[in-house]
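Observations on the model geometry
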Amino acid sequence: MAYFVPQLLLLISLFQLSFAARKLTELVQDQPNTLMQYHNGPLLSGKMPVNLIWYGKFTPSQRAIVSDFVTSLSSPPPQTQPSVAAWWKTTEKYYKLAKSKKPSSLSLSLGKQMLDENYSLGKSLTQKQIVQLASKGDQMNAINVVLTSADVTVDGFCMSRCGTHGSSKGNVQAKGKNYKFAYIWVGNSETQCPGQCAWPFHQPIYGPQNPPLVAPNQDVGMDGMVINLASLLAGTATNPFGNGYYQGPADAPLEAASACSGVYAKGAFPGYAGELLVDRTTGASYNANAANGRKYLVPALFDPTTSTCSTLV
């Protein structure tokens, strides 16, 4: 789905059936008061790898921030709670409510990692080229994530969106038809628009001017990417093809995470992320523990059983 300013637009193109992006106005959004509707479409389910396609220059430590997050989604939670795995379990409620003979869930694991450090398509990408890059990953039973470095521009990036998710017809056939694969794109906003796409770890360029929080992995751009990736993974799981779970009209849907924009902990209000945990050593704000001693900030997810935004803390 796509998060646009001032509203979320669902774009339909030859390359995708659903297209979503993190809304740039999310830090000033109010919580929803409507039901999350199921539109009878398929959800992603079973065990599925998340393939990471790194486009541009990323250091090994930057790549580890994201790969450790993906690993933590379905891995056994660390002894220290709350955890990323506990956050992801909220998505299981969507599967239990779906009208399916075989209710399931989605278990994600870290898949292949592909590096394109030589900018094979240049440093200015169109949406068509994002899909082209995403198609380099497995096109069946996988989610392909394209991550663009801070010096790469993408159509609409910063002007209207921080990342997208969608689906595209691949070259793999199933039952005589081309199989559709799910993909996500997230950009590193560190030098282009951290006040838009890395909030609350950077001073916002609009809305309430509260001081920025300290990023848990000491990298504003990458910690911002994790927030956006988390939001889009939740949307991909529960609304992969534009006919799953979402609120409102199809041309302006709110999904599992985008329905709770700007909410990260209890007590959140427009411009304030909520009562987060704070690391005593680094002063960093977070709400989820993860693999390898990592800490992350993940967005609230809309709980379809209570019609409220569910937070870890």
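All figures in this text were calculated on a predicted structure; none of them were measured in a lab.

Thoughts on the overall build of the protein chain
Summing up its helical and strand segments, the protein chain has six helices and 16 strands in all. Counting only contacts in the protein chain whose residues sit at least 6 apart along the sequence, the fraction spanning at least 24 positions is 72%. Total accessible area on the protein chain stands at roughly 12,800 Å², and carbon and sulfur atoms take up 53% of it.

Section: the state of the cysteines
Applying the stated criterion to the full structure yields three disulfides. Disulfide pairing places Cys-158 opposite Cys-193 at an S-S distance of 2.0 Å. Classification of the bridge connecting Cys-158 and Cys-193 rests on its S-S torsion, roughly -70°, and on that basis the disulfide is left-handed. Residue Cys-158 is found in the loop between β7 (153-154) and β8 (163-174), and its partner Cys-193 is found in the loop between β9 (177-187) and α5 (194-197); the two are separated by 35 residues along the sequence. Residue Cys-158 is classed as buried on the basis of its relative accessible area, which comes to 12%. Of the residues examined, Cys-193 reaches a relative accessible area of 5% and is grouped as buried. Bridging Cys-260 to Cys-309, the disulfide has an S-S length of 2.2 Å. Torsion about the S-S bond of the Cys-260 and Cys-309 cystine: about -100°, corresponding to left-handed handedness.

Focus on helix α1 (residues 60-72)
Between its first and last C-alpha, α1 extends 18 Å over 13 residues, near the 18 Å set by a 1.5 Å rise per residue. Those residues of α1 lying buried are Gln-62, Arg-63, Ile-65, Val-66, Ser-67, Asp-68, Phe-69, Val-70 and Ser-72.

Notes on the nonpolar core
Proteins that are soluble and globular tend to have nonpolar side chains buried together. Of all hydrophobic cores here, the largest spans 52 residues; its most connected members are Phe-69 and Ile-143. Top contributing element to this core by residue count: helix α6 (residues 220-238), with nine residues. Contact partners of Phe-69, with chain neighbours within four places excluded, come to Val-84, Trp-87, Val-226, Leu-229, Ala-230, Leu-233, Tyr-296 and Val-298. In terms of nonpolar packing, the next biggest core, distinct from the first, is built from 19 residues, Ile-130, Val-154, Cys-158 and Phe-181 among them.

Some thoughts on helix α4 (residues 127-134)
One full turn of an α-helix is made of 3.6 residues, so residues set three or four places apart face in the same direction. Most of α4 is tucked away, with six of its eight residues classed as buried. Burial in α4 covers these residues: Gln-127, Gln-129, Ile-130, Val-131, Leu-133 and Ala-134.

Things to note about the pattern of salt bridges
All told, the structure shown has seven salt bridges when counted by the stated rule. For Glu-92, the salt bridge identified is with Lys-89, shortest N-O distance 3.3 Å. Look at Lys-89 and you get partly exposed, because its relative accessible area is 48%. Here Lys-136 ties to Asp-116 by a salt bridge, and the two come within 3.7 Å at their closest N and O atoms. Of this pair, Lys-136 sits in the loop between α4 and β6 (143-148) while Asp-116 sits in strand β4 (residues 106-116), and the two are 20 residues apart along the sequence. For Lys-136, a relative accessible area of 48% gives the class partly exposed.

How each quantity is defined
- Residues numbered from 1 in each chain as written.
- Predicted model: local features only at pLDDT ≥ 70, side-chain atom pairs only at ≥ 80, totals over all residues.
- Heavy atoms only, no water.
- Helix = DSSP H or I, 4+ residues; strand = E, 2+ residues; numbered from the N terminus.
- Contact = heavy atoms within 4.5 Å.
- Areas by Shrake-Rupley, 256 points an atom, 1.4 Å probe, with all protein chains shown as cover.
- Disulfide = S-S within 2.5 Å.
- Buried < 20%, exposed > 50% of the residue type's maximum accessible area, 1.4 Å probe, protein only.
- Expected span 1.5 Å × (residues − 1).
- Core = buried A, V, L, I, M, F, W, Y, C linked by side-chain atoms within 4.5 Å.
- Salt bridge = Lys/Arg side-chain N within 4 Å of Asp/Glu carboxyl O.

Functional significance is not addressed by these values, which are geometric in nature.
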